[in-house]
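Structure at a glance
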Amino acid sequence: APLARVCVCSCGAEVLHVPPELAPAVDQYVEPVPRWACPRRSGVLTWLVLLSIPSASFLFLIGPHLAARDGVHLVAAVALTYLVSTTFMALAAFSDPGTIPPNRDPDVRRAVQQRSPVEVTVRGTRLTLKHCATCGIHRPPRSAHCRETNRCVQKWDHYCPWIGNSVGRRNYPFFLLFVASTLAHSLLTAVASVLHLTEVAASLAASADDAAAASAVVVAAAASSAHAVATGANEAGGGNGLLAAARSSPGPVALLAYCVLASGLLGLLLAYHVFLVSTNQTTYENVRAEWAFKPNPFDSGLLANWADAFRCTCSCGA
């Protein structure tokens, strides 16, 4: 009964979700795996409001000025990271996170519910398979039922409202690369904004110096007055230059502040998930302190853990 089993890569063994005596009859009752077709509305809003609009603002407000001053490579890098971030976000949002097929037949569901708890051994650690009343199955290790998408997901990490989809075994690599590429995009945009504001400040300072020089020529007869004008111009071109640039270019300043905030949050999120992958934990397990008082049987070392995170789920019968 291929649809009645899910092969767990970390365990290396099949896990039956129904009693063995009912397994031959399961194929005609088990519903096909419900494929994830479209992310929730929050994912589209994230892409439009938090990613696309700031990126478009950069390309229209800052991009042309940088490109005209030998900054075309930086503008191209910002545009490229935006496309990469959008691609990985779409893959994470539209990919099936690793749905486990539910049982819809009443007799099978009743038999699963009445069945004694199922235990499996993973590297010497006994794990109990939890029963899911909604899907009518015993979930394999590390799986959980996502309430937002109403399905059991293999190696469920969390539900991400930013992409509008669950994050599980199948789309976790896309989610991780989405966070990393978005962080790179935000940092590059912040650097480009700083360079643009610096150039604006230098341009304003040069204009102030030219105005001071012209004023000095007009009032050359009054030495004391010319000295006062030149002093005031030098002060305007010094510490107040960036403030003047900010007043003349509020859009790039707002974009810089947004990128700095986004980079800080994305950096913390990426560091947290790097820790999770390195120790072979999920967000769900880490928040629940699943392995705080017992060894993690899925931790196989740094390199093996990263390889496991980027390895696709092997599903029997799929």
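Calculation rules
Residues numbered from 1 in each chain as written. Predicted model: local features only at pLDDT ≥ 70, side-chain atom pairs only at ≥ 80, totals over all residues. Heavy atoms only, no water. Helix = DSSP H or I, 4+ residues; strand = E, 2+ residues; numbered from the N terminus. Buried < 20%, exposed > 50% of the residue type's maximum accessible area, 1.4 Å probe, protein only. Contact = heavy atoms within 4.5 Å. 1 Å grid on protein atoms, 1.4 Å probe; cavity = no way out; pocket = protein on both sides within 12 Å on 5 of 7 lines; lining within 4 Å. Points joined across faces, edges and corners; volume = space filled by probe spheres on them. Nonpolar A, V, L, I, M, F, W, Y, C, P; charged D, E, K, R; others polar. Axes fitted to C-alpha atoms, helices over the stretch in contact; angles between N-to-C directions. Parallel < 35°, antiparallel > 145°, perpendicular 65-115°, else oblique. Polar contact = N/O pair within 3.5 Å; in protein donor to acceptor, adjacent residues only side chain to side chain. Salt bridge = Lys/Arg side-chain N within 4 Å of Asp/Glu carboxyl O.

With respect to the overall build of the chain
- From N to C terminus, the chain includes 10 helices and 10 strands.
- Within the chain, buried positions represent 43% of all 318 residues.
- Expressed as a percentage of contacts within the chain between residues at least 6 apart in sequence, the contacts between residues at least 24 apart total 68%.

As for unusual backbone geometry
- Positive phi outside glycine occurs at Asn 150, with the angle close to 55°.
- One can find Asn 150 in the loop between β7 (144-146) and β8 (151-153).
- You will see that Lys 155, though not glycine, has its phi angle at about 45°, which is positive.

Thoughts on the layout of surface pockets
- Of the volumes computed, that of the largest pocket is approximately 600 Å³.
- The wall of the largest pocket is formed by 26 residues, among which Leu 50, Trp 162, Thr 182, Ala 262 and Leu 266 lie closest to the centre.
- Looking at the lining of the largest pocket, the elements that each hand over two or more residues are α1 (41-61), β9 (158-160), α5 (172-218) and α8 (250-278).
- The dominant element in the lining of the largest pocket, judged by the number of residues it contributes, is α8, at 10 residues.
- Here the residues of the lining of the largest pocket are counted per class, giving 17 nonpolar, 9 polar and no charged.
- There is about 360 Å³ of room inside the second largest pocket.
- Lining the second largest pocket are 21 residues, and of these Thr 128, Lys 130, Pro 141, Arg 142 and Glu 290 lie nearest its centre.
- Sorting the residues of the lining of the second largest pocket by element identifies β4 (125-129) and α9 (283-287) as the ones contributing at least two each.
- In terms of residues, the lining of the second largest pocket owes the most to one element, β4, which gives 4 residues.
- Within the lining of the second largest pocket, the residues separate by chemical class into 9 nonpolar, 3 polar and 9 charged.

Some remarks on the packing of α1 against helix α3 (residues 72-94)
- Orientation of α1 relative to α3, taken along the N-to-C sense of each, is 170°, at an axis distance of 11 Å. If you check the angle between α1 and α3, you find them roughly antiparallel. Contact residues: α1 offers Gly 43, Thr 46, Trp 47, Leu 51, Ser 52, Ser 55, Phe 58 and Leu 59, while α3 offers Val 75, Val 78, Tyr 82, Ser 85, Thr 86 and Met 89.
- Among the residues making up the contact of α1 with α3, the classes are represented as 8 nonpolar, 6 polar and no charged.

Overview of the side chain of Thr 182
- Along the polypeptide, Thr 182 turns up in helix α5.
- Separated by 2.7 Å, the side chain of Thr 182 and the backbone oxygen of Phe 178 make a polar contact.
- With residues up to four places along the chain from it excluded, the contact list for Thr 182 reads Leu 51, Ser 85 and Leu 266.

Quick word on the pattern of salt bridges
- In the structure shown here, the tally under the stated rule is 7 salt bridges.
- Between Glu 199 and Arg 69 there is a salt bridge; the shortest N-O distance is 3.5 Å. One end of the pair, Glu 199, is in helix α5; the other, Arg 69, is in the loop between α2 (63-68) and α3, with 130 residues separating them in the sequence.
- With relative accessibility at 27%, the residue Glu 199 sits in the partly exposed group.
- Residue Arg 69 is classed as partly exposed on the basis of its relative accessible area of 47%.
- Between Asp 308 and Arg 169 there is a salt bridge, with the nearest N and O atoms lying 3.6 Å from each other.

Focus: the packing of α8 against helix α10 (residues 302-309)
- With their axes 8 Å apart at the nearest point, α8 and α10 run at an angle of 105° to one another. Regarding the angle of α8 to α10, the classification is roughly perpendicular. Residue-level contacts link Val 274, Val 277 and Ser 278 of α8 to Leu 302, Asn 305, Trp 306 and Ala 309 of α10.
- Counted by class, the contact of α8 with α10 contains 5 nonpolar, 2 polar and no charged residues.

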